Amino acid sequence: MSDKATPANPSFEQTISELEAIVNEMEQGDLPLHEALQKFERGIELSRLSQKALVEAEQKVRILTEQNGDSQLQDFAADNED
């Protein structure tokens, strides 16, 4: 996996940013149906790309922790849970 972002392969941050923009546009409710459907399709594509990036990052973390002899990952627990 390359760390360089391209238009065909945006970075995780670019993907999330574009997805947020699409959500904001769609929440306005002013889009014609065909444009809303196109935005929805793009949103699904971006969601899949971001999920893939997260899975790859998790795999990389697992590999690195196993290489350091700490093969057990623990669930993250926020300090300020309500």
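Residues numbered from 1 in each chain as written. Predicted model: local features only at pLDDT ≥ 70, side-chain atom pairs only at ≥ 80, totals over all residues. Heavy atoms only, no water.

Chemist: Which parts of the structure should I look at to understand the overall build of the chain?
Modeler: Within the chain, the regular secondary structure consists of two helices and zero strands. By the burial criterion, 11% of the 82 residues in the chain qualify as buried. Considering only intrachain contacts with a sequence separation of at least 6, the fraction spanning at least 24 residues in the chain is 50%. Counting only carbon and sulfur atoms, one obtains 50% of the accessible surface of the chain, whose full area is about 7100 Å². (Helix = DSSP H or I, 4+ residues; strand = E, 2+ residues; numbered from the N terminus. Buried < 20%, exposed > 50% of the residue type's maximum accessible area, 1.4 Å probe, protein only. Contact = heavy atoms within 4.5 Å. Areas by Shrake-Rupley, 256 points an atom, 1.4 Å probe, with all protein chains shown as cover.)

Chemist: What is the right way to read the pattern of salt bridges from this model?
Modeler: Close approach of charged atoms allows side chains with opposite charge to pair. By the definition in use, this model includes five salt bridges. Where E18 meets R42, a salt bridge forms, and the shortest distance between an N and an O atom there is 2.8 Å. Separated by 24 residues along the polypeptide, E18 in helix α1 (residues 12-28) and R42 in helix α2 (residues 33-67) bring together distant segments of the chain. A relative accessible area of 25% means that R42 is categorised as partly exposed. A salt bridge links E56 to K52; the nearest nitrogen and oxygen atoms lie 3.9 Å apart. Here the residue E56 and the residue K52 both occupy positions in helix α2, the gap between them amounting to four residues, near one helical turn. Here the residues in one salt-bridge network are E18, R42 and E45, joined through shared partners. (Salt bridge = Lys/Arg side-chain N within 4 Å of Asp/Glu carboxyl O.)

Chemist: Sorry, what's going on with a nonpolar patch on the surface here?
Modeler: Together, M26, F40 and I44 make up a nonpolar patch on the protein surface, roughly 250 Å² of accessible area in all. The topology assignment puts M26 in helix α1. Among the residues examined, M26 registers a relative accessible area of 32% and is labelled partly exposed. (Patch = residues over 30% accessible without salt bridge, like charges linked within 9 Å, V, L, I, M, F, W, Y side chains within 5 Å.)

Chemist: When you look at α2 in this model, what are you seeing that I'm missing?
Modeler: Note on helix geometry: an α-helix contains 3.6 residues per turn, so any two residues three or four positions apart are oriented the same way. Here α2 spans 51 Å end to end across 35 residues, near enough to the 51 Å set by a 1.5 Å rise per residue. Taken together, the buried residues of α2 touch α1. Where α2 terminates, the next one or two residues include G69, which has phi positive at roughly 80°. (Expected span 1.5 Å × (residues − 1).)

Chemist: I keep staring at α1 and nothing clicks. Help me out?
Modeler: Between its first and last C-alpha, α1 extends 25 Å over 17 residues, near the 24 Å set by a 1.5 Å rise per residue. Of the residues making up α1, those classed as buried are T15, L19 and I22. For α1, the angular spread of buried residues about the axis comes to 60°, placing them on one side. Summarising the geometry of α1, the exposed residues directed more than 90 degrees from the buried face are E13, E27 and Q28. Summarising the contacts, the buried residues of α1 are in contact with α2. Positive backbone phi, approximately 75°, marks G29, located one or two places after α1. (Arc of directions from axis to C-beta.)

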